Structure formats: C-alpha cells, structure tokens
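Spelled out from the first residue to the last, the chains are:
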Amino acid sequence: KSISSFQTALEQDANYYAPFMQLGILYTEKSNPLAEQYFNGALKVNPRSEEAFYGRAMYYQEVKHDYDKAIQDYTSIVQLNPRNRNAHFNLGYIHYEYLKVPDQAIKHYTDAINADPSYAEAYYNRGLTYESVGNLPASKSDYDKALSIRPGYTLASAGLDRVSK
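Residues numbered from 1 in each chain as written. Predicted model: local features only at pLDDT ≥ 70, side-chain atom pairs only at ≥ 80, totals over all residues. Heavy atoms only, no water.

Enquirer: Could you clarify how one ought to interpret the overall build of the chain in this entry?
Expert: On a plain count of helices and strands, the chain comes out with 10 helices and 0 strands. The order of α-helices and β-strands along the chain, N terminus first, is α-α-α-α-α-α-α-α-α-α. By principal-axis analysis of the C-alpha atoms, the chain measures approximately 60 × 30 × 25 Å. Within the chain, buried positions represent 45% of all 165 residues. For the chain, restricting intrachain contacts to residue pairs at least 6 apart in sequence, the fraction spanning at least 24 positions comes to 41%. Approximately 8,600 Å² of the chain is accessible, and the part contributed by carbon and sulfur atoms is 50%. (Helix = DSSP H or I, 4+ residues; strand = E, 2+ residues; numbered from the N terminus. Buried < 20%, exposed > 50% of the residue type's maximum accessible area, 1.4 Å probe, protein only. Contact = heavy atoms within 4.5 Å. Areas by Shrake-Rupley, 256 points an atom, 1.4 Å probe, with all protein chains shown as cover.)

Enquirer: Help me out: how do you make sense of the packing of helix H2 (residues 17-29) against helix H4 (residues 50-64) in this one?
Expert: Relative orientation and spacing of two packed helices are given, respectively, by the angle between their axes and the distance between those axes. Where H2 meets H4, the axes come as close as 10 Å, and the angle between the chain directions of the two elements is 15°. Classified by the angle their axes make, H2 and H4 are roughly parallel. Handedness of the H2/H4 crossing: left-handed. Contact residues: H2 offers Tyr 17, Met 21 and Thr 28, while H4 offers Glu 51, Ala 52, Tyr 59 and Val 63. Here the contact of H2 with H4 is built from residues that sort into 5 nonpolar, 1 polar and 1 charged. (Axes fitted to C-alpha atoms, helices over the stretch in contact; angles between N-to-C directions. Parallel < 35°, antiparallel > 145°, perpendicular 65-115°, else oblique. Left-handed = near helix turned anticlockwise from the far one by under 90°. Nonpolar A, V, L, I, M, F, W, Y, C, P; charged D, E, K, R; others polar.)

Enquirer: Honestly, the packing of aromatic side chains in this entry has me stumped. Any pointers?
Expert: Any pair of aromatic rings gets described here by the distance separating the centres and the angle formed by the planes. Applying the stated rule across the entire model yields 10 aromatic pairs. Among the aromatic residues, those joined into a ring-pair cluster are Phe 20, Tyr 27 and Tyr 38. Over the face of the ring belonging to Tyr 153 we find Arg 150, whose NZ or CZ atom lies 4.1 Å from the ring centre. (Phe/Tyr/Trp six-rings, centres within 6.5 Å; stacked < 30°, edge-to-face > 60°. Lys NZ or Arg CZ within 6 Å of the ring centre and 35° of its normal.)

Enquirer: Explanation requested: H4 in the structure shown.
Expert: Every α-helical turn comprises 3.6 residues, leaving residues that sit three or four positions apart pointing alike. Taking 1.5 Å per residue, 15 residues should reach 21 Å; H4 reaches 20 Å between its end C-alpha atoms and fits that length. Listed as buried for H4 are Ala 52, Phe 53, Gly 55, Arg 56, Ala 57, Tyr 59, Tyr 60 and Gln 61. Phi for His 65, located one or two positions after H4, is positive at around 55°. (Expected span 1.5 Å × (residues − 1).)

In structure tokens:
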C-alpha cells in the first residue's frame, strides 16, 4: 500500500524527492531492479544528494553486486562531502571484503576514522584488515582503540585475543 501511495505522489509531482527515495529504499529491500530507477529519479531532482547516492550505492553493493558502480557512487559522496564517514567505510569494506585489496581498504578505513575519530567499527575493520596482511601490532592498536571507544565490543575483543596470542 505504501508503494502505491508513493507512486501516486510522484504522479502528482514528478519532482517530489521524498517518494523517489522511499521507493528506492523499498525496492532495494525487495531486491527489485526498480530501486535503481527511483534513486536515479531522486538524483535528477537533487543531483547533490548524498542520501540518494548512498541508497543507490547500497543497492549496487548489496543487491546487484556491482562493486564498480557502488564505488563510483561512494566516491561521488566523498567528493560532495569528504567527511562522510559511511561512504569512506563502505569503500573500505568493498575493497577488503569483495575486491581483496587490503591497502585500499586500509586507506578508506583511515579516511573514515579521520572523518569521525570515534568510529569504533572503522577501527575494528582497519584492525581486521591489518591482521589479514600480518601487521599484528597495527591490528592490536586498532582493536584496542575500538574497545576504548566502545567497551564490550565483542568483535574487537575477539580480534584482540587473536592477535595477542
């Protein structure tokens, strides 16, 4: 019913940004390719929307597994706002998890940390990446930092246990 309501809103006003975003999100959740069209519509209305780029990037990353397009959209976000920690983080995640390029992942996680020094997940993921390339001192340092930001962070605690043996 909400999809129908948002579509009706767009029929009434083809430049109404919010329904484009809502439909993009809803169709992403359904793994439906219409998501891309709705995010494109949102970007037509607001070509500088970090939110629309992010939504489309997540669709490319999680649904289509088109990492090149996801990287393009996250890069667009970073160009619009160099302090967008989530775009930096997701660039790191793609480079670590899918593309297996740890040096690029470390760079992007570092950019996320520079954008938000209290970003425990970025410290953890950078630590995990350092661990994967055998840099255990850097890994330990990042796990320690993640735990100092968020005590009880079980993933960081487990990582610290692995590299402290």
